[in-house]
Amino acid sequence: MTTRTPETDLGRTRRARRIGRALTETHPDAHCELDHSNALELAVATILSAQCTDKKVNEVTPKLFARYRTAADYAGADRAELEELIRPTGFYRNKTSSLINLGRELCERYGGEVPGKLADLVTLPGIGRKTANVILGNAFGVPGITVDTHFQRLVQRWRLTDETDPVKIEHAIGALYPKRDWTMLSHRIIFHGRRVCHARKPACGACTLVKLCPSYGTGPTDPVAAVKLLKGPRARDLAAAVGIDPDLVPQQAAAADVP
Ligand code: SF4
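The sections below set out a description of the structure shown in this document. Since the structure is predicted, the reported quantities are computational estimates derived from the model, not experimental observations.

**Here's the deal with the site of the ligand**
Working step 1: Around the ligand, the structure places R157, W158, C197, P202, A203, C204, C207, C213, S215 and Y216.
Working step 2: Classifying every residue of the shell around the ligand gives 8 nonpolar, 1 polar and 1 charged.

**Structural notes on the nonpolar core**
Working step 1: By size, the foremost hydrophobic cluster in this structure holds 36 residues, and its most contacted members are W158, I173, Y177 and L230.
Working step 2: Sorting the residues of this core by element identifies helix 1 (9-26), helix 9 (149-157), helix 10 (166-174), helix 11 (182-195), helix 12 (223-227) and helix 13 (235-241) as the ones contributing at least two each.
Working step 3: Membership of the second largest hydrophobic core comes to 35 residues, among which are V44, L106, A132 and I135.

**Focus: the pattern of salt bridges**
Working step 1: Under the defined criterion, the tally for this structure stands at 17 salt bridges.
Working step 2: Across the salt bridge formed by D9 and R12, the nearest N and O atoms sit 3.2 Å from each other. In this pair, D9 and R12 both sit in helix 1, 3 residues apart, roughly one turn of the helix.
Working step 3: Accessibility expressed as a relative area gives 58% for D9, which makes it exposed.
Working step 4: Here E33 makes a salt bridge to R195, at a shortest N to O gap of 2.9 Å. Here R195 lies in helix 11 and E33 lies in the loop between helix 1 and helix 2 (39-48), a separation of 162 residues in the sequence. Assigned by exposure class, E33 and R195 land together as buried.

**What about helix 6 (residues 92-110)?**
Working step 1: For helix 6, built from 19 residues, the straight-helix expectation of 27 Å at 1.5 Å per residue is met to within 8% by its first-to-last C-alpha distance of 25 Å.
Working step 2: Looking at the packing, one finds that the buried side of helix 6 touches helix 2, helix 4 (71-75) and helix 5 (79-86).
Working step 3: Positive phi appears at G111, one or two residues downstream of helix 6, with a value of about 60 degrees.

**A short note on helix 2**
Working step 1: Across the 10 residues of helix 2, 10 count as buried, placing the element largely inside the fold.
Working step 2: Packed against the buried residues of helix 2 are helix 3 (54-67), helix 4, helix 5, helix 6 and helix 8 (129-139).
Working step 3: With a side-chain oxygen lying 3.2 Å from the backbone nitrogen of L40, the N-terminal cap of helix 2 falls on N38.

Cut-offs used in this document
- Residues numbered from 1 in each chain as written.
- Predicted model: local features only at pLDDT ≥ 70, side-chain atom pairs only at ≥ 80, totals over all residues.
- Heavy atoms only, no water.
- Near = heavy atom within 4 Å.
- Nonpolar A, V, L, I, M, F, W, Y, C, P; charged D, E, K, R; others polar.
- Core = buried A, V, L, I, M, F, W, Y, C linked by side-chain atoms within 4.5 Å.
- Buried < 20%, exposed > 50% of the residue type's maximum accessible area, 1.4 Å probe, protein only.
- Helix = DSSP H or I, 4+ residues; strand = E, 2+ residues; numbered from the N terminus.
- Salt bridge = Lys/Arg side-chain N within 4 Å of Asp/Glu carboxyl O.
- Expected span 1.5 Å × (residues − 1).
- Contact = heavy atoms within 4.5 Å.
- Polar contact = N/O pair within 3.5 Å; in protein donor to acceptor, adjacent residues only side chain to side chain.

Put into structure tokens, the structure is as follows:
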């Protein structure tokens, strides 16, 4: 049995940066997957995304955003009508309460505008630290790290941190990367978690991070088995990036919804 020398802090930082660069090449299309055109729409979409896929949220929001354009519109919403519009996203009664209360608080405390500071955002109904960072990074251009379930799983598989508390993970990972990269890094990690490094069966044999990942082998390493696990519209490109024939990607994999 061989014993491996523990990784130094510098070694971990260098490996983290290499992972970051590999992800930039692997997911050039990474972006916030919740459709929005302003901070209010993004706040609403993130509230709706709890326990729901971004795809489903994006199906609901065009009609919702056309009907409710301002914080005052949500504050004065007819509860039954709003519930009906957002019902497909699940937990619609709680989400309706959050949206109406969000509208009220924004009108009462912030002149109807979504504030651009973390300390203010986290005091709003339905908005926790994760949501606040999504809003800051994508609507205000303030770098933010979004620790969702995918982010948490991947940085732990990469052994970039031993922390399990999301706030501590946020700080630990933030220390490994330049601040200006935080928002896009979060998108790329989440993209990788949704398309390649799945919770139950990661596509290790078709992953661009093989040489950088201490958890290689958690999922199938055989390329033919692994390639079937890739998901999303760029599944063929992801296969080609690791030298696997894109024709081995099943059609339904490329068409599959990402979780
Ligand atoms: S090698 Fe496997 S465990 Fe590591 S990032 Fe890739 S898919 Fe995930």
